[in-house]
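A look at the structure
Residues per chain are reported as follows:
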Amino acid sequence: MSELNETTTSNTSPASDPEVRQMGEDSLQPDVDSKLEGSYLWEKLPQEVIYNIFDYLKQSDLLRLATVCKYWRDSIHTTAQFWRCMRLNLSCDKKSAHSKKSCWYATQLGSHFRELSISCHHHHKSKDCKNMAFDFRRLLLCLCHSNLTSLKITDLRLDSALISTVAVIRQVMTRMLSSYHRLHCFQMSSAQWPLHEGIKVIDTVLTVSRGTLQSLVIDGFFEATSLAQRPAEFERVTNGILSLNRLTKLGIDYQLLTDSFVTALSRSHTGQLKVLKISAGQADAAVSKIPGSVWSTLIEACPALKIAFVIDDLSSYVTIVDMLDHVLPIYKIRFLLNSTPARFESDCMCTLVVLALVMTYYRQTLVKFEMDVGVKFYGIDIAFLMFVAKCQNLLYVKASSSFTDPETEMTAQIVLQERRRQRDLRMSQDTANKRAKRSPHDGAGSSPANDTATVARTVNVIKMEAESSDQTDGLSLTNEP
């Protein structure tokens, strides 16, 4: 009986029946074919369609998609338009992966870069940072095959790096910059180059890109000791700046400015210079003052000139009084002060003097103001709120100070938000009025609903333009990495 049951079971098993097995395979075959067909749908699409879809994605999303399959990886990595504008981050923290990722991007995609921004992030407040120089050197070696038209490097701080490392960085940079014959933007703020190495780098930029450079921002380019000595080599730098015939934006240290240079700048760039960023970092009381008549000559030669001023860790409030002239059309000011207990009284005086001078001289022109003061004293809240109230055109403020009242900054932001709202409404109403005047039917066929929609669209456009201008300005009020 057991043999009969085993025979019956084996004869009736579906898996043992060849016909049943063939039917099962036939039934599963359409599903397998459909999955295989679906995997090749992307390859059947025209490349223009795929590129248009990928163009809506961020670069971080594109890198994730590149890991899906070989076809996507090749399509993403070989498309230059995806990587034309790139922003890389370096960190001196050994635990951070920013530096490794940036080197990988430069190695794999560096040939597609045209506009490159490198932001250096220091994980501690100490200015003694040697790891950043090693990471920056490694990144430069990965960018040897790039062909950039814009290069921006911020907060490198080479003053504490090893001399041998700085020499290698200078050699690689001069070789790279010598091949950039279409460079229109060079920015290297807070690089803190030693004098002789920095002179070689900036000479290469000014020589090779003399006919193409439009934006040059080199505030904090040399170390503080070199700025204090004011060597004769600085004259080569200023003469090279004067030879740039397409320059529209200049960022420079106050210590490099002289009466003759400002006068020559007004003659060589009449009606051309649009933005001037002046950095007064670690200036002492012996700094030479530029007379107001010289500034007036520059302003008359360049009526559309806007000036941004950076005040960083000054030694005395006397220096501030000498540098800030009432004829300057300053629209941005950044005030930084690293306070210490030994300098408490002096820092308090500097803070009050800066607020008073700016409120007196630039209440009609100031639009943006940033203050980072590490000193807490009675009266700073009242002085700050009075400053915001008096400067009627002030729209953006970032204050990282130690206020005695935690609601001080919140109160200031509420006032500024209302000002921006009123500004947007005025600008949108003016735009709507101009469009109505240009209309041949004198507004025929318009309705309140259409007018409201037009005003709303105009406000959105104005906000987008304002945000884009904040991101492209040399003096940003944000600390985004």
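Read on for an overview of the structure. (Residues numbered from 1 in each chain as written. Predicted model: local features only at pLDDT ≥ 70, side-chain atom pairs only at ≥ 80, totals over all residues. Heavy atoms only, no water.)

Concerning helix 14 (residues 292-301)
Spelled out, the test is: Only protein chains enter the accessibility calculation, which uses a 1.4 Å probe; a residue whose area is less than 20% of its type maximum is buried, one above 50% is exposed, and one in between is partly exposed. Note on conventions: DSSP H or I runs of at least 4 residues are helices, E runs of at least 2 residues are strands, and numbering of each starts at the N terminus. It is the directions from the helix axis to the C-beta atoms whose arc is reported. Should any heavy atoms of two residues lie within 4.5 Å, those residues are counted as being in contact.
Of the positions making up helix 14, those classed as buried are Val 294, Trp 295, Leu 298 and Ala 301. The arc enclosing the buried residues of helix 14, seen along the axis, measures out at 125°, which places them on a common side. Seen from the open side of helix 14, the exposed residues pointing more than 90 degrees away from its buried face are Ser 293 and Glu 300. Next to the buried residues of helix 14 lie helix 13 (259-268) and strand 7 (275-281).

Quick look at the nonpolar core
The following threshold applies: By convention a nonpolar core is built from buried Ala, Val, Leu, Ile, Met, Phe, Trp, Tyr and Cys residues, the set being connected through side-chain atoms within 4.5 Å.
Ranked by size, the top nonpolar core spans 119 residues in total, and within it Met 173, Phe 186 and Leu 216 carry the most contacts. With residues near it in sequence (within four places) discarded, Phe 186 still touches Leu 151, Met 173, Leu 177, Ile 202, Val 205, Leu 213, Ser 215, Leu 216, Val 217, Ile 218 and Phe 221.

A word on the packing of aromatic side chains
Filter applied, for reference: Each Phe, Tyr or Trp ring (for Trp, its six-membered ring) is paired with any other whose centre lies within 6.5 Å, and the angle between the two planes then decides the class: stacked below 30 degrees, edge-to-face above 60, tilted in between. As a reminder, the over-ring test applies to NZ of lysine and CZ of arginine, requiring each to be within 6 Å of the ring centre and within 35 degrees of the ring normal.
Under the definition given, this model contains 11 aromatic pairs. Summarising the aromatic geometry, the rings of Phe 222 and Phe 234 are spaced 5.1 Å apart at their centres and angled 45° between planes, so their arrangement reads as tilted. Of this pair, Phe 222 sits in the loop between strand 5 (215-217) and helix 11 (224-229) while Phe 234 sits in helix 12 (residues 234-242), and the two are 12 residues apart along the sequence. Like Phe 234, Phe 222 is buried. The interplanar angle of 55° and the centroid separation of 6.5 Å between the aromatic rings of Tyr 254 and Phe 309 together place this pair among those described as tilted. Taken together, the residues Tyr 254 in the loop between strand 6 (249-253) and helix 13 and Phe 309 in strand 8 (residues 306-312) connect sequence positions 55 residues apart. Owing to a relative accessible area of 0%, Tyr 254 belongs among the buried residues under this scheme. Phe 309 gets classed as buried once you look at its relative accessible area, which sits at 0%. A cation over an aromatic ring shows up here: Lys 306 above the ring of Tyr 331, its NZ or CZ 5.6 Å from the ring centre.

Focus on the pairing of strand 9 (residues 330-337)
Quick reminder of the rule: DSSP-based pairing: two strands are paired if at least 2 bridges between them are found.
Most of strand 9 is tucked away, with seven of its eight residues classed as buried. Sheet topology note: the strand 8/strand 9 ladder contains six bridges and is parallel. Bridge assignment links Ile 311 to a residue of strand 9, and that residue is Phe 335. Relative to strand 10 (residues 368-373), strand 9 is paired through six bridges, and the arrangement is parallel. By the bridge assignment for strand 10, Arg 334 is matched with Glu 370.

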